[in-house]
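What follows is the residue order along each chain.
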Amino acid sequence: MASRVISSWGNVIRAAHVVYGLHSRSDSFPALSAASTVLPFGNGRSYGDSCLNVGGALLQTRTLDRFISFDREAGVLACEAGVLLADILRLVVPAGWFLPVVPGTCYVTVGGAIANDVHGKNHHQAGTFGRHVRQLELLRSDGTRLLCSPTQNTDWFAATVGGLGLTGAVTWAELQLRPIRSPRLDVESIRFANLDEFFTLCAEAERKYEYTVAWIDCLGRGKQLGRGLLQCANHAREGAASDPVPDRKLSVPFPLPMSAVNALSLRVFNTVHYHRQRGRRRLTSEYFQSFFFPLDRILHWNRLYGPAGFYQYQCVVPTHLAREATTELLQTIASSGLGSFLAVLKCFGNIGSPGMLSFPRAGVTLALDFPNRGARVARLFESLDRIVSGAGGTLYPAKDGRMPGALFRSGYARWQEFSNYIDPACSSSFWRRVTEHE
Amino acid sequence: MKKVLIVGATSAIAEATARKLAERGDALYLVARNEARLAAVAADLLVRGSPRVGTEVLDANDSGAHEAMLARAESFLAGYDTVLIAHGTLSDQKACEASVELTLKEINTNALSVVALLTRIASRLEQRRAGTIAVISSVAGDRGRSSNYVYGSAKALVTAFLSGLRQRLGRCGVNVVTIKPGFVDTPMTAAFAKGPLWAQPEHIARGIVRAIDRNSGTVYLPGFWRPIMLVIRAIPESLFLRLSL
């Protein structure tokens, strides 16, 4: 079989993998050599090693990219697992429908969205992506095909949603969409001077808005600690869903020789971004792409971090300790001077997640990118781990390339129950890292 | 709305092309060997916007079945105006060198079955004095090379046949398009290491639809293959013998 060098989105690991492909949902699971393990691989947008299987094989599913049916009355879409969310939106938005949950990029596959039980800016109202999956087919390496849903093979459903691809290959899924009247959103952007203001504003905004998310200036210290912009939005009620949608893209055409993200560029960007709106509150109307997927307008933006790549640190801390823990996290990050343009803060609601290993839970989630600066950033992560773990929080496997096994196991109480559902042929670099040498 | 018959409809290039046709509302009749894959492709094209999609399971090498298939396509589409022939197999050159049967089978699949289909389709469209026939040949047909001359010579036959057909049918308003893709990243080429010359099927599909719409004669896809093949064809045989291509 073909061997290819594959990297994940963070570009920290680049490793040769034996590559198999599924080209149609009727294809059988590939025959592997006995010693090898395999991991389904969608569009490679996981940041760390949860989508890699170094020393083993990957089962590419991007070629499973067919729609199966679209009920334009009921908003029910069935498609193969390699279809990108971008392709779904291109089909359903003009018909007056929208995905019930979208992550920060539309370049993920349906299979990937399920395997990571992704969340969006409307978590407080809609919960995770997996809650809107009506059914899915799981192809096991022994050839078994299991139809899984909230009412059928429920244990397999709970293992596969958020199951990091380890339970077998999802071949297709059926999703419940939500209606919209316009491809635009009514957006309110509110500047806040510190974390206390953020928490007050957020509680208020969540009652009025379906989508809320905050950008934080990760360099803010002292009185400015946790200053940022809260973005709130609802789907516009006026207009026609079939309005044409602009689709212009920039690209980073080749990997940069060094990271463009450094102390100077970060300070300039953050200061300008924080002051970009004149008033404290600003109302605008935006197309869904620029609101939900601002980074998708720059293809290959991960190349900005240069050849060493970058890490994302995304944690969640439970509600009752959120204020203290977030303050401490931001203080630690600000004094390190590391960090990047994109620091995102979001309050998760208390809607339960359907997967045994789902990341979202009631609390506050903070996500930040860090250029890979070796030991310096590793030490910072250890300090952040201590704060997260002390508050009873955990990290997001889809973003992670380095968390200690103990932090994973304490944050995912059902991991041992989950391991009963792992396909004997499946494994991943992430899974071996966080569960072996226990 | 065009009414398009596609033979080899589950191949990656044909499927990518069919999606573009479906999205703009063309009616399609799809022919391929694998029933399950064919059904999956047809369902997808309906969702993407094609008003009608018919399917038929057929091995293109079964030339005795061509006539009935063409009649069914004709009746399903109420007369097709566009045909895309896209089936083929990438021959294992080394295995062919050791087997006459395999060599002839590859030539049959990639050339003779195409000739059989084209002969029947040409007379239908000639009578109607309108329509477009597009066939996927290959840059490999421009010059035989030691690494894949069985596949290449089959494609050379197709290219020459199309060139003559274009001359014949051009006089009665039927357009013949020869499509010569270079390296395309498809299941057929999964075993190859991919370099900068490789293109995605969607990219090739855009070129095919454009060629059909513009009544082009011969198109290289992507276009940079035209100068490359010009050079390769121009290399004197004495020098060519010493190259490893």
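Small disclaimer: the values here were computed from a predicted structure and weren't measured.

Reading the values: the criteria
- Residues numbered from 1 in each chain as written.
- Chains lettered and ligands numbered in written order.
- Predicted model: local features only at pLDDT ≥ 70, side-chain atom pairs only at ≥ 80, totals over all residues.
- Helix = DSSP H or I, 4+ residues; strand = E, 2+ residues; numbered from the N terminus.
- Rg over C-alpha atoms; globule rule 2.2 N^0.38 Å.
- Buried ≥ 20, exposed ≤ 12 C-beta atoms within 10 Å, placed from the backbone.
- Contact = placed C-beta atoms within 7 Å.
- pLDDT = per-residue confidence, 0-100.
- Pairing = 2+ DSSP bridges.
- Axes fitted to C-alpha atoms, helices over the stretch in contact; angles between N-to-C directions.
- Expected span 1.5 Å × (residues − 1).
- Arc of directions from axis to C-beta.
- Nonpolar A, V, L, I, M, F, W, Y, C, P; charged D, E, K, R; others polar.
- Domains from an automatic or database assignment.

Draft legend 1. Geometry of the overall build of chain A. Secondary structure summary: chain A contains 12 helices and 21 strands in total. For a compact globule of 438 residues, the expected C-alpha radius of gyration is about 22 Å, and chain A comes in at 21 Å, within 12% of that figure. A total of 438 residues make up chain A; the buried ones form 51% of that total. Long-range contacts, defined as pairs at least 24 residues apart, comprise 75% of the intrachain contacts of chain A with a sequence gap of at least 6.

Draft legend 2. Structural context of the overall build of chain B. A tally of helices and strands in chain B yields nine helices and seven strands. For chain B, whose C-alpha radius of gyration is 17 Å, the value lies close to the compact-globule estimate of 18 Å for 245 residues. Expressed along its principal axes, the backbone C-alpha trace of chain B runs to roughly 55 × 40 × 35 Å. Within chain B, the fraction of its 245 residues that count as buried is 43%. In chain B, 69% of the contacts between residues at least 6 apart in sequence involve partners at least 24 apart.

Draft legend 3. Fine view of the environment of Leu357(A). All names here are of chain A. Mapped onto the fold, Leu-357 is located in the loop between strand 19 (343-348) and strand 20 (363-371). Looking at Leu-357, the number of C-beta atoms within 10 Å reads 25, which means it is buried. Here Leu-357 is in contact with Gly-162, Gly-163, Leu-164, Tyr-412, Arg-414, Trp-415 and Phe-418, once residues within four sequence places are set aside.

Draft legend 4. Highlighting the environment of Thr394(A). All names here are of chain A. Within the secondary structure layout, Thr-394 lies in strand 21 (residues 394-395). Among the residues examined, Thr-394 registers 26 C-beta atoms within 10 Å and is labelled buried. In sequence terms Thr-394 and Gln-314 are 80 residues apart; their C-alpha atoms lie 8.6 Å from each other. Setting aside its immediate chain neighbours within four residues, Thr-394 contacts Cys-315, Val-316, Val-388, Leu-407, Gly-411 and Tyr-412.

Draft legend 5. Expanded view of the confidence of the model for chain B. Per-residue confidence for chain B averages 95 on the pLDDT scale, and 100% of its residues sit at or above 70. What the predictor reports for the complex is a pTM of 0.94 with an ipTM of 0.92.

Draft legend 6. Expanded view of the sheet that holds strand 2 (residues 14-21) of chain A. All names here are of chain A. Pairing is mixed in the open sheet, where four strands are placed in the order 1-2-4-3. In this open sheet, the two strands that pair with only one neighbour each are strand 1 (3-7) and strand 3 (38-41). Across the sheet, the mean angle separating the axes of adjacent strands is 50 degrees when strand polarity is ignored. Of the pairings in the sheet, the one linking strand 3 to strand 4 (residues 57-60) comprises four bridges and is parallel in character. Across the sheet, the residue bridging to Val-38 is Ala-57, located in strand 4.

Draft legend 7. Highlighting helix 9 (residues 375-390) of chain A. Residue and element names in this part refer to chain A. Its 16 residues give helix 9 an end-to-end C-alpha distance of 23 Å, which sits within 8% of 22 Å, the value for a rise of 1.5 Å per residue. Turning to helix 9, its buried residues are Val-377, Leu-380, Phe-381, Leu-384, Asp-385, Ile-387 and Val-388. Projected onto a plane normal to the axis of helix 9, the buried residues spread over an arc of 165 degrees and lie on a single side. In helix 9, the exposed positions that point more than 90 degrees away from the buried face belong to Ala-375, Arg-379 and Glu-382. Summarising the contacts, the buried residues of helix 9 are in contact with strand 18 (310-318), helix 8 (319-336), strand 20, strand 21 and helix 10 (405-411).

Draft legend 8. Up close: the interface of chain A and chain B. Listed by partner, the interface residues are 11 residues for chain A and 11 residues for chain B. When residues of the side of chain A that touches chain B are assigned to their parent elements, the largest contribution, four residues, is made by strand 5 (residues 67-71) of chain A. Per-class residue counts for the side of chain A that touches chain B are four nonpolar, five polar and two charged.

Draft legend 9. The arrangement of the domain arrangement of chain A in detail. Residue and element names in this part refer to chain A. Domain boundaries assigned for chain A yield domain 1 (3-60), domain 2 (67-180) and domain 3 (184-411). The distance between the C-alpha centroids of domain 2 and domain 3 comes to 24 Å. Counting residues at the interface gives 29 residues for domain 2 and 27 residues for domain 3. Those elements that provide at least two residues to the side of domain 2 that touches domain 3 are helix 3 (123-126) and helix 4 (154-160). At three residues, the largest contribution of residues to the side of domain 2 that touches domain 3 is made by helix 3.

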